[in-house]
Amino acid sequence: MTGQESAFRPETDRLLLDVMLGKLAVYLRLCGYDAAYAGDRGVEADDRILDIAAEENRTLLTRDVSLAGQAESSILLTKRDVEDQLAELREAGVELAVAETPTRCGRCNGPLLAVEDDETTPEYAPDPEETDCWRCRDCGQLFWKGSHWKRMNETLD
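Scoring rules and cut-offs
- Residues numbered from 1 in each chain as written.
- Predicted model: local features only at pLDDT ≥ 70, side-chain atom pairs only at ≥ 80, totals over all residues.
- Heavy atoms only, no water.
- Phe/Tyr/Trp six-rings, centres within 6.5 Å; stacked < 30°, edge-to-face > 60°.
- Helix = DSSP H or I, 4+ residues; strand = E, 2+ residues; numbered from the N terminus.
- Buried < 20%, exposed > 50% of the residue type's maximum accessible area, 1.4 Å probe, protein only.
- Arc of directions from axis to C-beta.
- Contact = heavy atoms within 4.5 Å.
- Axes fitted to C-alpha atoms, helices over the stretch in contact; angles between N-to-C directions.
- Parallel < 35°, antiparallel > 145°, perpendicular 65-115°, else oblique.
- Left-handed = near helix turned anticlockwise from the far one by under 90°.
- Nonpolar A, V, L, I, M, F, W, Y, C, P; charged D, E, K, R; others polar.
- Patch = residues over 30% accessible without salt bridge, like charges linked within 9 Å, V, L, I, M, F, W, Y side chains within 5 Å.
- Areas by Shrake-Rupley, 256 points an atom, 1.4 Å probe, with all protein chains shown as cover.
- Salt bridge = Lys/Arg side-chain N within 4 Å of Asp/Glu carboxyl O.
- Lys, Arg positive; Asp, Glu negative; His and termini not counted.
- Charge placed at Lys NZ, Arg CZ, Asp CG, Glu CD.
- 1 Å grid on protein atoms, 1.4 Å probe; cavity = no way out; pocket = protein on both sides within 12 Å on 5 of 7 lines; lining within 4 Å.
- Points joined across faces, edges and corners; volume = space filled by probe spheres on them.
- Pairing = 2+ DSSP bridges.

Engineer: Describe the packing of aromatic side chains, naming the residues involved and giving the relevant values.
Structural biologist: This model, assessed by the stated rule, comprises 1 aromatic pair. For the ring pair Tyr-124 and Trp-144, a centre distance of 6.2 Å and an interplane angle of 35 degrees mean the geometry is tilted. With a gap of 20 residues between them, Tyr-124 in the loop between β5 (112-114) and β6 (133-136) and Trp-144 in strand β7 (residues 142-144) connect regions that are remote in the sequence. Its relative accessible area of 54% is what places Tyr-124 among the exposed residues.

Engineer: Account for helix α2 (residues 46-55), with residues named and values stated.
Structural biologist: Of the positions making up α2, those classed as buried are Ile-49, Leu-50, Ile-52 and Ala-53. Down the axis, α2 shows its buried residues gathered within 160 degrees of arc, on one side only. Structural note: α2 exposes Asp-47 and Glu-55 on the side pointing more than 90 degrees away from its buried face. Looking at the buried residues of α2, the elements they touch are β1 (14-17), β3 (59-62) and α3 (65-70).

Engineer: How would you sum up the packing of helix α1 (residues 22-30) against helix α4 (residues 82-91)? Please name residues and give values.
Structural biologist: Working note: a packed helix pair is described by the angle between its axes plus the distance between those axes. Taken N-terminus to C-terminus, the directions of α1 and α4 make an angle of 55 degrees; their axes are 10 Å apart at the nearest point. As judged from the angle between their axes, α1 and α4 are oblique. Seen from above, α1 lies across α4 with right-handed handedness. For the pair α1 and α4, contact is made by Lys-23, Leu-24, Tyr-27 and Leu-28 and by Val-82, Gln-85, Leu-86 and Leu-89, respectively. Looking at side-chain class alone, the contact of α1 with α4 contains 6 nonpolar, 1 polar and 1 charged residues.

Engineer: Can you tell me about a negative patch on the surface, naming the residues and giving the values?
Structural biologist: On the surface, Glu-116, Asp-117, Asp-118, Asp-127, Glu-129, Glu-130 and Asp-132 cluster together to form a negatively charged patch. Here Glu-129 falls in the exposed class, since its relative accessible area comes to 60%.

Engineer: A description of the layout of surface pockets should follow, citing residues and the corresponding values.
Structural biologist: Taken as a whole, the largest pocket spans an internal volume of roughly 320 Å³. If you go around the largest pocket, you meet 16 residues; those closest to its centre are Leu-30, Phe-143, Trp-144, His-148 and Trp-149. Every element with two or more residues in the lining of the largest pocket is listed here: α1, β7 and α5 (147-156). Taken together, the residues of the lining of the largest pocket break down into 8 nonpolar, 5 polar and 3 charged. Around the second largest pocket, the lining is made up of 13 residues, and of these Ala-53, Asn-57, Arg-58, Glu-72 and Ser-73 lie nearest the centre. Considering every element that reaches the lining of the second largest pocket, the biggest residue donor is α2, with 3 residues.

Engineer: Hey, could you go over the pairing of β1 for me, with residue numbers and the actual values?
Structural biologist: The sheet contact formed by β1 and strand β2 (residues 34-37) spans 4 bridges and is parallel. Note that in β2 the partner of Leu-15 across the bridge is Ala-35. Relative to β3, β1 runs parallel, the two being bridged by 3 bridges. Within β3, the position partnered with Leu-15 by the bridge is Thr-59.

Engineer: Account for the sheet that holds β2, naming residues and giving values.
Structural biologist: Pairing within the open sheet is parallel, and its 4 strands lie in the order β2-β1-β3-β4. The strands lining the two open edges of the sheet, one partner per strand, are β2 and β4 (74-76). For this sheet the average axis-to-axis angle between neighbouring strands, irrespective of direction, equals 25 degrees. As judged from the 3 bridges shared by β3 and β4, these two strands associate in the parallel manner. Directly across from Leu-61, in β4, lies its bridge partner Ile-75.

Right under this line is the structure:
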């Protein structure tokens, strides 16, 4: 949406993705969205998905025409490929840009906290004195701006 404000922004909008959209959830979390994924909660039943969307004031993202029609707020996606789905979201007014400072865990959607320079990290992770790192408050996953971050950023561009 060039030259105008996006209809959906990570600072103001909460999303719920049905079980067909797991890969998309990771991208939306990287963009800073509070993007709950029904599969993470073990929820597949349409009625329960609709209840969660309403109870938590979330916009439902789905490929299911019937489910989208029943939700108070929804975005119906028609494509299967995640890059095509991202294009559909952009066309629907969803702001899609990698957050400069990550705020959401790509794995579980939990909030990220900065890792202090003197904290220890696993062997596979960079030294926080040399590279900014974040840890998920909920699942403990460690994040930094590495090759995966760069690839996802390129995809969104």
